[in-house]
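The lines below spell out each chain.
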Amino acid sequence: MKVLNLQCSHTHSFEGWFASEDEFQSQLARGLVECPLCSDNQVTKMLSAPRLNLGAVEPAAKQDVVSMPDASLQAAWMKMVRHVMANTDDVGERFAEEARRIHYGETEERSIRGQASREETEALIEEGIGVLPLPIPDALKGPLQ
């Protein structure tokens, strides 16, 4: 297992775990490595001392991670994400359709969240519909405690 320090084009730093350098390069070339904060897939490997986990028999499941040196910044981000989760309706993959229905007055105005492709997001913005990509940690996607 190879742990790499990575950075997106927006200077968000995070770790990535890969079976090998070749696996990292393969995933990077296919656009599968992306920033957990902004989903940018323009990722570069930062200089770091290698850290290898040679005892693992099979690769561990990958998870989204982020490195935020200032704990108060991380706490503020998590508070904001929890606020969004608590004050929006989850419309899932119907996000683009529902955002348009709200924008054009076909349904009641309310705050929503869900999933949209990059193309759908860009189309919504071009139509003048205010949307904001917001990566939500999987741990917060379930019922709020």
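Just above sits the structure.
Residues numbered from 1 in each chain as written. Predicted model: local features only at pLDDT ≥ 70, side-chain atom pairs only at ≥ 80, totals over all residues. Heavy atoms only, no water.

J.: For this particular structure, what's the right way to read the pattern of salt bridges?
T.: Two side chains carrying opposite charge are able to pair once their charged atoms lie near each other. What the rule picks out here adds up to seven salt bridges. Across the pair R110 and D89 runs a salt bridge, and its minimum N-O distance is 2.9 Å. Taken together, the residues span a long stretch of sequence, with R110 in the loop between α3 (95-103) and β6 (112-114) and D89 in strand β5 (residues 89-92) at a distance of 21 residues. When its relative accessible area of 24% is taken as the criterion, R110 is described as partly exposed. Here E98 makes a salt bridge to R94, at a shortest N to O gap of 3.5 Å. (Salt bridge = Lys/Arg side-chain N within 4 Å of Asp/Glu carboxyl O. Helix = DSSP H or I, 4+ residues; strand = E, 2+ residues; numbered from the N terminus. Buried < 20%, exposed > 50% of the residue type's maximum accessible area, 1.4 Å probe, protein only.)

J.: I would appreciate a short explanation of the nonpolar core in the present structure.
T.: In a soluble, globular protein the nonpolar side chains are often hidden away together inside. If you look at the biggest cluster of nonpolar residues, it comprises 15 residues, and the most contacted ones within it are L6 and F18. Contributions of two or more residues to this core are made by β1 (2-8), β2 (13-18) and α2 (71-86). Per-element tally for this core: the top contributor is α2, with four residues. Membership of the second largest hydrophobic core comes to nine residues, among which are F95, A99, I112 and V131. (Core = buried A, V, L, I, M, F, W, Y, C linked by side-chain atoms within 4.5 Å.)

J.: Would you mind going over the pairing of β5 with me for this structure?
T.: Regular strands place side chains that alternate from one sheet face to the opposite one. With three bridges joining them, β5 and β6 adopt parallel strand pairing. Its bridge partner being in β6, D90 is matched across the sheet by R113. In the classification by handedness, the crossover that spans β5, the intervening α3 and the parallel β6 is right-handed. (Pairing = 2+ DSSP bridges. Right-handed = clockwise from strand over helix to strand, strands pointing away.)

J.: Explanation requested: the packing of aromatic side chains in the structure shown.
T.: For any two aromatic rings, the description comes down to two numbers: the centre-to-centre distance and the angle of the planes. With the rule as written, the count across this model stands at one aromatic pair. Seen from their ring centres, F18 and F24 are 5.0 Å apart, and the 65° between their planes marks the pair as edge-to-face. Each member of the pair F18 and F24 is classed as buried. (Phe/Tyr/Trp six-rings, centres within 6.5 Å; stacked < 30°, edge-to-face > 60°.)

J.: Looking at this structure, I do not really get a negative patch on the surface. What am I missing?
T.: A grouping of E93, E119, E120, E122 and E126 is seen on the molecular surface, where their side chains present a negatively charged patch. Positionally, E122 belongs in helix α4 (residues 118-126). By relative accessible area, E122 is classed as partly exposed at 44%. (Patch = residues over 30% accessible without salt bridge, like charges linked within 9 Å, V, L, I, M, F, W, Y side chains within 5 Å. Areas by Shrake-Rupley, 256 points an atom, 1.4 Å probe, with all protein chains shown as cover. Lys, Arg positive; Asp, Glu negative; His and termini not counted. Charge placed at Lys NZ, Arg CZ, Asp CG, Glu CD.)

J.: Where do I start with the packing of α3 against α4 in this structure?
T.: Interaxial distance between α3 and α4 falls to 10 Å at its minimum, and their mutual angle equals 10°. By the angle between their directions, the pair α3 and α4 is classed as roughly parallel. Residues F95, A96, A99 and R100 of α3 touch α4, and the partners they reach there are E120, A123 and L124. Considering only residue class, the contact of α3 with α4 consists of five nonpolar, no polar and two charged. (Axes fitted to C-alpha atoms, helices over the stretch in contact; angles between N-to-C directions. Parallel < 35°, antiparallel > 145°, perpendicular 65-115°, else oblique. Contact = heavy atoms within 4.5 Å. Nonpolar A, V, L, I, M, F, W, Y, C, P; charged D, E, K, R; others polar.)

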